[in-house]
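Here are the chains, one letter per residue:
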Amino acid sequence: MVRAFLAFELSPEMRQQLAGTQAVLHGCHARLTFVDPAIIHITVKFLGEVDEKKMPQLIAAIRTVKSAPFPVAGRRIEVNNPKNPHTVWCAIEDGGKGWEVFSAVEAALAPLGFPRETRSFTPHATIARVRESDPLLFRCLDELKNVPCGSCTIAGLKLKKSTLTARGPVYEDLCEVAW
């Protein structure tokens, strides 16, 4: 079995800007687990555990997803749920293009038995996970409201393998569909 997901890669420059926002968050009292800036991405669809025998079909289906390169920009650093935060992320503006790709992915993978997502697609780049919240987290987020989060062009979709380790996830590219 392969733990897998589909993602848009961010440019190294945008990841570096997001690393700068992490530096501010290190100053708050919430217990946060930070994502290594080198692996910050936008998840399009988490696939879970995929049988290795199904990988050729999966890759063939992903290759049918078409798009043109499109710009994305980080809007602001926020939490997924202000009342009970689990994730600190950079909200992404993509002009609806990410949703179009997400919809195409859903249509391509449903015939293979991958369940359709019940939640709406919200483009974001996770920068930290909240292990224990603290009211000062929101003060740090307020400090970040005018900090630039970067921009880049999305020029493809990647199928990634995720191996969980004690030091965090290790990602391996299994397939790339370039536009």
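Everything here concerns the structure above.
Presented here is an overview of the structure given in this document. None of the values given here were measured: they were computed from a predicted structure. Every chain begins its residue count from 1, and numbering advances along the sequence as written. Selection of residues for local features in this predicted model requires a pLDDT of at least 70, selection of side-chain atom pairs for listing and counting requires 80 or more, and totals for whole chains, interfaces and linings are taken over all residues. With hydrogens and water excluded, all non-hydrogen atoms of the structure serve as input to the side-chain values.

1. Here's the deal with the overall build of the chain
Here is step 1 of the chain: Scanning the chain from N- to C-terminus turns up 4 helices and 9 strands.
Here is step 2 of the chain: A run of H or I in DSSP becomes a helix once it reaches four residues, and a run of E becomes a strand once it reaches two; helices and strands are each numbered from the N terminus. In sequence order, the secondary structure elements of the chain are arranged as β-α-β-β-α-β-β-α-β-α-β-β-β.
Here is step 3 of the chain: Radius of gyration (C-alpha) of the chain: 17 Å, near the 16 Å computed for a compact globule of 179 residues.
Here is step 4 of the chain: Expressed as lengths along the three principal axes of its C-alpha atoms, the size of the chain is roughly 45 × 35 × 30 Å.
Here is step 5 of the chain: Counting only residues that meet the buried cut, the chain has 45% of its 179 residues in that class.
Here is step 6 of the chain: Here, residues are in contact when the closest pair of their heavy atoms is within 4.5 Å. Partitioning the intrachain contacts of the chain with sequence separation of at least 6 by distance along the chain shows that 76% fall at a separation of at least 24.
Here is step 7 of the chain: Where accessible areas are quoted, they stem from the Shrake-Rupley method and a 1.4 Å probe; at the residue level, only the protein chains shown are allowed to cover. Working note: accessible area of the chain is about 9,600 Å², and carbon and sulfur atoms make up 52% of it.
Here is step 8 of the chain: Working convention for charge: Lys and Arg count positive, Asp and Glu count negative, and His plus the chain ends are omitted. Here the site of a charge means atom NZ of a Lys, CZ of an Arg, CG of an Asp or CD of a Glu. Across the chain, the 22 positively charged side chains and the 19 negatively charged ones have centroids separated by 3 Å. Each radius of gyration reported is based on C-alpha atoms, and the globular scaling rule is 2.2 Å times the count of residues to the power 0.38. For each residue, the accessible area found with a 1.4 Å probe, counting protein chains only, is set against the maximum for its type, and the residue is called buried under 20%, exposed over 50%, and partly exposed in between.

2. Let's talk about the side chain of His 124
Here is step 1 of the chain: Counting through the fold element by element, His 124 comes out in strand E6 (residues 124–132).
Here is step 2 of the chain: Polar contact criterion, stated in full: a pair of N or O atoms within 3.5 Å, where within protein one must be able to donate a hydrogen and the other to accept it, and residues adjacent in sequence count only if both atoms are side-chain atoms. Polar side-chain contacts of His 124 include one of 2.7 Å to the backbone oxygen of Thr 122.

3. Quick look at the environment of Val 24
Here is step 1 of the chain: By the element assignment, Val 24 lies in helix H1 (residues 12–25).
Here is step 2 of the chain: For the pair formed by Val 24 and Leu 144, sequence separation is 120 residues and the distance between their alpha carbons is 7.7 Å.

4. What about the environment of Glu 117?
Here is step 1 of the chain: Here Glu 117 lies in the loop between helix H3 (97–109) and E6.
Here is step 2 of the chain: Since its relative accessible area comes to 33%, Glu 117 is described here as partly exposed.
Here is step 3 of the chain: Separated by 101 residues in the primary sequence, Glu 117 and Gln 16 have C-alpha atoms spaced 30 Å apart.
Here is step 4 of the chain: With residues up to four places along the chain from it excluded, the contact list for Glu 117 reads Lys 45, Phe 102 and Glu 106.
Here is step 5 of the chain: A polar contact of 3.0 Å, which involves the side chain of Glu 117, links it to the side chain of Arg 119.

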